[in-house]
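# Close look at the chain arrangement
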Amino acid sequence: MSEFSELLSQHIHNKNIKTYPLAQYCGLDRSNMYKIINGKRKPTSIEMVANMCRFMQLSPNETKEMQEAYVITLIGPENYYRRKNVKLFFEEFRLPTLSFPAAAYKAEVIPEKDDIILLNTQTEINNALLRILSLEFSREKGHIRMLIQPDYSFLIDLLISEGIGKSNVLIDHIICFDNNTDFSHGKNDYNLNCLKSILPLYGSIRNYEAFYYYDNISSKNDSFTLFPYIIITSEYACLLTADIRKGYITSTSESLEMFCGIFDDYLKKSSCLLKRIDNLLDQLDYAQNLVNVNMPGYSFQMTPCLTLFMDAYFADKYVIQDLPNRSAFIERFVDYVNNMNKNRNTSSMCSVFSLEGLLRFMETGEIGEYPPNAYNRPEMEDRVNLARQLLQACRTGNYRMLKNNIGNLDNELFLFISQTRGYLMLNSPVTHNLIYLDIEEPGLLFTFFDFCDNMDDRLFFTKEEMIEQLKMVIEKYQKK
């Protein structure tokens, strides 16, 4: 039996539902209803499922479970849970905006009675890491090497608190990605959760880089590996057990040299997870290279991409006068826009945005894909003009408008994805710069593309509804 048929059978049994009147209400004969109950057929539509729920007088939560079970049966549990995880990834994404002091004694030197300091509890581990990392961030030029999974939330929070906005410390972080990606039983996407954990580090610390290798994470954590995790600073090496409940610190020069050598060997065998691009001109070049590659893909951002409609006059009017390399940027920007327009008719790119994202732009004039300190907010007349051009593009081009946001407009995460290339882009509230993160890992490329390529039509306005919504927005704001 399918997940849907099992749940349907439970409700029929628990509520003593008669099959024949249920079939009649849903427009089916009795034999076809029995086939659905026994898992030999599927309901023909989500509307039929809704009719079943109404007849059985299910609660809103029960109805939601039935609809979810129907979709799982329709597309398979692995596809369903993988796509659900991506949606949660965008909805739960947040970047820190403030730095909080970790503790009053954070810069104290660790007492060195012996060459090795034993750590017998998680509290002792947390206190030790707080001290050695605080010391490293106080150095003029520091280097932190980490071989540890990012689900150790205390460590991630500590790094953000200590390193927010700083550029004096380089952090190399090696992560194990799970090569057992089976979501058929509804488990979380481990690799996607790893990415969600480290994105705040990219947004907060200027010199953080993550690298990955593959292994079966369940067997790795359950194996008899004595000290699988290590964190190395300029003065200390901290080795930890898999459950982060035991460990030790060493500070001898010989041990530090040995552990650094081992780490660097591991680093050579690992791959870059996300390639950071945070220079404005380099970002334009990178984006233009992606535009030139004509393949099916998606621009996924809640505030609509309006770059296509910005000409040289617009750029000269709103790019701030004291922007470094202003003339070069405007010249490169205009070339980029012209290239986008040249490829518009042949492009197979689909642009996804939300109604609320458009309204946010109309209210604030904030253009999410550019650093807020690089331009002045467009006047209302120019905002309306951009909305008119967006309306025209939606009539003829490949645009889809979400009824509700997927994500947070105050902490928006932008995605550009095709089957072979892609990037995440975030606006750091710490550095006030855009950060492009080129996605290097193929599993993440597939996961993001599959999500965009299979979004539920019910999340979107129809094309006709989208046109009408845009007209109403334009009419509303042209009066202001």
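Just so we're clear, the structure is a prediction, and the values are computed from it rather than from any experiment. (Residues numbered from 1 in each chain as written. Predicted model: local features only at pLDDT ≥ 70, side-chain atom pairs only at ≥ 80, totals over all residues. Heavy atoms only, no water.)

Attention now goes to helix α14 (residues 326-342). With 17 residues, α14 should reach 24 Å at 1.5 Å per residue; the first-to-last C-alpha distance of 24 Å fits that figure. Within α14, the full set of buried residues consists of R326, F329, I330, F333, V334, Y336, V337, N339 and M340. (Helix = DSSP H or I, 4+ residues; strand = E, 2+ residues; numbered from the N terminus. Expected span 1.5 Å × (residues − 1). Buried < 20%, exposed > 50% of the residue type's maximum accessible area, 1.4 Å probe, protein only.)

This paragraph deals with the side chain of N405. Inspection of the secondary structure puts N405 in the loop between β12 (399-402) and β13 (413-418). Polar contacts involving the side chain of N405 include one to the side chain of S354, which spans 2.4 Å. A distance of 3.0 Å separates the side chain of N405 from the side chain of E356, its partner in a polar contact. In this structure, N405 is in contact with M302, S354, E356 and G357, ignoring residues within four places of it in sequence. (Polar contact = N/O pair within 3.5 Å; in protein donor to acceptor, adjacent residues only side chain to side chain. Contact = heavy atoms within 4.5 Å.)

It is worth spelling out a nonpolar patch on the surface at this point. Together, M258, I262 and Y266 make up an exposed nonpolar region whose accessible area comes to about 280 Å². Here Y266 lies in helix α11 (residues 253-269). (Patch = residues over 30% accessible without salt bridge, like charges linked within 9 Å, V, L, I, M, F, W, Y side chains within 5 Å. Areas by Shrake-Rupley, 256 points an atom, 1.4 Å probe, with all protein chains shown as cover. Salt bridge = Lys/Arg side-chain N within 4 Å of Asp/Glu carboxyl O.)

Further remarks concern the confidence of the model for the chain. Chain-level statistics for the chain give a pLDDT mean of 89 and a share of 93% at 70 or above. The low-confidence segment residues 99-108, where pLDDT is below 50, has 20 contacts with residues more than four positions distant or belonging to other chains. (pLDDT = per-residue confidence, 0-100.)

Across residues other than glycine, the phi torsion is negative in most instances, and most of the peptide bonds are trans. A positive phi is found at I244, a non-glycine position, where the angle reads about 55°. Taking the relative accessible area as the measure of exposure, I244 reaches 8% and is therefore buried. The backbone of N325 shows a phi angle near 55°, a positive value even though the residue is not glycine. Tracing the sequence through the fold places N325 in the loop between α13 (312-318) and α14. Looking at N325, the relative accessible area reads 54%, which means it is exposed.

Attention now moves to the sheet that holds strand β1 (residues 116-119). Strand order across the open sheet formed by 8 strands is β1-β7-β6-β5-β2-β3-β4-β8, with mixed pairing between neighbours. Single-partner strands in this sheet number two, and they are β1 and β8 (271-272). Bridging between strand β2 (residues 142-147) and strand β5 (residues 229-232) involves 3 bridges; their strand directions are antiparallel. Bridged to R145 within β5 is I232. Across the sheet, α11 lies against β2, β3 (169-178), β4 (208-215), β5, β6 (237-240), β7 (247-250) and β8, angled at about 65° from β2, the strand it touches most. (Pairing = 2+ DSSP bridges. Axes fitted to C-alpha atoms, helices over the stretch in contact; angles between N-to-C directions.)

Taking 1.5 Å of rise per residue, the 12 residues of helix α17 (residues 442-453) would be expected to cover 16 Å, and the 16 Å separating its terminal C-alpha atoms lies within 8% of that figure. For α17, the full list of buried residues reads L444, L445, T447, F448, F449, D450, F451 and C452.

In this section: the environment of T462. Tracing the sequence through the fold places T462 in the loop between α17 and α18 (463-477). Given a relative accessible area of 38%, T462 falls into the partly exposed group. Spatially, the C-alpha atom of T462 lies 8.2 Å from that of M401, the residues being 61 residues apart in sequence.

Now for the packing of aromatic side chains. One pass over the full model with this rule turns up 22 aromatic pairs. Ring geometry for Y202 versus Y208: centroids 5.0 Å apart, planes at 85°, classification edge-to-face. Accessibility assignment for this pair places Y202 and Y208 in one class, buried. Linked through ring pairs, F89, F90, F300, F448 and F451 together constitute an aromatic cluster. Across the ring face of F460, the terminal group of R400 is positioned such that the distance to the ring centre comes to 3.8 Å. (Phe/Tyr/Trp six-rings, centres within 6.5 Å; stacked < 30°, edge-to-face > 60°. Lys NZ or Arg CZ within 6 Å of the ring centre and 35° of its normal.)

The next subject is the sheet that holds strand β11 (residues 349-354). Spatially, 7 strands are ordered β9-β15-β14-β13-β10-β11-β12 in an open sheet, and the strand pairing comes out mixed. Each of the sheet's edge strands pairs with one partner strand only, and the pair in question is β9 (274-277) and β12. Neighbour-to-neighbour, the strand axes of the sheet open up by a mean angle of 20°, direction not taken into account. The pairing of strand β10 (residues 297-300) with β13 spans 4 bridges and is antiparallel.

Turning next to the pairing of β3. Counting buried positions over the 10 residues of β3 gives 9, a clear majority of the element. With 6 bridges joining them, β2 and β3 adopt parallel strand pairing. Each bridged residue has a counterpart across the sheet, and for M146 the counterpart in β3 is H173. This β-α-β element, β2 to helix α8 (residues 153-163) to β3, shows right-handed connectivity. Across 8 bridges, β3 lies against β4 in parallel orientation. Counted as the bridge partner of I174 is F211 from β4. (Right-handed = clockwise from strand over helix to strand, strands pointing away.)

Right, let's get into the pattern of salt bridges. Following the criterion strictly, the structure yields 17 salt bridges and no others. Note that K84 is salt-bridged to E68, the shortest N-O span being 3.3 Å. Of this pair, K84 sits in helix α6 (residues 77-92) while E68 sits in helix α5 (residues 60-75), placing them 16 residues apart in sequence. The exposure class of K84 is partly exposed, given its relative accessible area of 35%.

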